[in-house]
Amino acid sequence: MATQAEAAAPYDRIGGSEALRRITDRFYDLMDTDPAYKALRAMHAADLTPMRESLPAFLAGWCGGPRQWFEANPGKCMMSMHKPFPITRKTADQWADCMTRAIADAAPADREIADAMTDVLARMAKGMARD
């Protein structure tokens with residue numbers, strides 16, 4: 001028999017839209033200010049506002065919450081959205097490291113789902129490298 005935590009969607013376990021917003025804001029704050037992410041930052045527009053709005057909506061639908069991002073972007077996925085960008089192992093590793101730090105810093109209460117989310121997102125990022 002599944003426990004209540006196992007039955008809940010990852011979206012609920014991570015803390016819903018509030019937690020995803022904290023993770024996203026921390027991610028872009030780190031990317032924007034930490035020199036360790038210089039190459040990653042250089043791939044982005046000067047104004048990160050559109051990405052700050054888009055990423056938590058994507059993450060919400062991706063982890064079983066509201067699917068507005070997917071409804072607004074039919075047929076799109078992270079791989080297709082990032083295809084035009086020259087993603088290298090270096091920038092993919094920077095993305096994965098930055099997201100790992102952002103999730104840890106946001107400190108979701110359910111560490112099991114936070115660790116799983118960290119792992120899957122890091123693997124997804126590294127899978128986008130084309131060198």
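Look a little higher up for the structure.
Rules used throughout
Residues numbered from 1 in each chain as written. Predicted model: local features only at pLDDT ≥ 70, side-chain atom pairs only at ≥ 80, totals over all residues. Heavy atoms only, no water. Helix = DSSP H or I, 4+ residues; strand = E, 2+ residues; numbered from the N terminus. Rg over C-alpha atoms; globule rule 2.2 N^0.38 Å. Buried < 20%, exposed > 50% of the residue type's maximum accessible area, 1.4 Å probe, protein only. Contact = heavy atoms within 4.5 Å. Lys, Arg positive; Asp, Glu negative; His and termini not counted. Charge placed at Lys NZ, Arg CZ, Asp CG, Glu CD. Axes fitted to C-alpha atoms, helices over the stretch in contact; angles between N-to-C directions. Parallel < 35°, antiparallel > 145°, perpendicular 65-115°, else oblique. Left-handed = near helix turned anticlockwise from the far one by under 90°. Nonpolar A, V, L, I, M, F, W, Y, C, P; charged D, E, K, R; others polar. Core = buried A, V, L, I, M, F, W, Y, C linked by side-chain atoms within 4.5 Å. Expected span 1.5 Å × (residues − 1). Arc of directions from axis to C-beta.

*Asks:* Hey, could you run me through the overall build of the protein in this one?
*Replies:* Counting its regular elements, the protein contains 9 helices and 0 strands. What you see in the protein, going N to C, is helices and strands ordered as α-α-α-α-α-α-α-α-α. Taking 131 residues into account, the globule formula puts the C-alpha radius of gyration at 14 Å, and the protein, at 15 Å, falls close to it. When its C-alpha atoms are laid out on the principal axes, the protein stretches across 45 × 30 × 25 Å. The proportion of buried residues among the 131 residues of the protein is 37%. Counted over contacts in the protein with a minimum sequence separation of 6, partners at least 24 positions apart contribute 69%. Charge centroids of the protein, computed over 17 positive and 18 negative side chains, lie 7 Å from each other.

*Asks:* Got a minute to help me understand the packing of helix H3 (residues 16–33) against helix H5 (residues 49–62) in this structure?
*Replies:* Helix-helix packing: each pair is described by the crossing angle between the helix axes and the interaxial distance. Across the interface, H3 lies against H5 with an axial gap of 9 Å and an inter-helix angle of 135°. Between H3 and H5, the interaxial angle falls into the category oblique. For H3 against H5, the interelement crossing comes out right-handed. Across from Leu20, Arg21, Thr24, Asp25, Phe27, Tyr28 and Asp29 in H3, the residues of H5 making contact are Met51, Arg52, Glu53, Leu55, Pro56, Leu59 and Ala60. Its residues assigned to classes, the contact of H3 with H5 comprises 8 nonpolar, 1 polar and 5 charged.

*Asks:* Explain the nonpolar core to me, please; I cannot follow it from the model alone.
*Replies:* When a protein is soluble and globular, its nonpolar side chains tend to lie buried together. Among the nonpolar cores identified, the biggest contains 35 residues, and Leu20, Ile23, Phe27, Met31 and Met99 are the most heavily contacted of them. At the level of secondary structure, the elements contributing two or more residues to this core comprise helix H2 (10–14), H3, H5, helix H6 (68–72), helix H8 (89–106) and helix H9 (111–127). Of all the elements, H8 adds the most residues to this core, at 8 residues. Setting aside anything within four residues of it in sequence, one finds Met31 in contact with Tyr37, Leu40, Arg41, His44, Leu48 and Cys98.

*Asks:* Whenever I open this one, the packing of H3 against H8 confuses me. Can you help?
*Replies:* It is at 8 Å that the axes of H3 and H8 come closest, and there the two elements cross at 130°. Classified by the interaxial angle, the pair formed by H3 and H8 is oblique. Classified by chirality, the crossing of H8 by H3 is right-handed. When H3 is examined against H8, the residues Arg22, Ile23, Arg26, Phe27, Leu30 and Met31 are found in contact with a partner set consisting of Trp95, Cys98, Met99, Arg101, Ala102, Ile103, Asp105 and Ala106. Taken together, the residues of the contact of H3 with H8 break down into 10 nonpolar, no polar and 4 charged.

*Asks:* Where do I start with unusual backbone geometry in this structure?
*Replies:* Backbone geometry follows two general trends: most residues other than glycine have a negative phi, and most peptide bonds adopt the trans configuration. Residue Ala107 is not a glycine yet carries a positive backbone phi of 50°. Among the structural elements, Ala107 can be located in the loop between H8 and H9.

*Asks:* Sorry if this is basic, but what is going on with H3 here?
*Replies:* For H3, built from 18 residues, the straight-helix expectation of 26 Å at 1.5 Å per residue is met to within 8% by its first-to-last C-alpha distance of 26 Å. Listed as buried for H3 are Gly16, Ala19, Leu20, Ile23, Thr24, Phe27, Tyr28, Leu30 and Met31. Down the axis of H3, the smallest arc covering the buried residues is 160°, so these residues share one side. With respect to the buried face of H3, the exposed residues turned more than 90 degrees away are Glu18 and Thr33. Contact partners of the buried residues in H3: H2, helix H4 (38–42), H5, H8 and H9.

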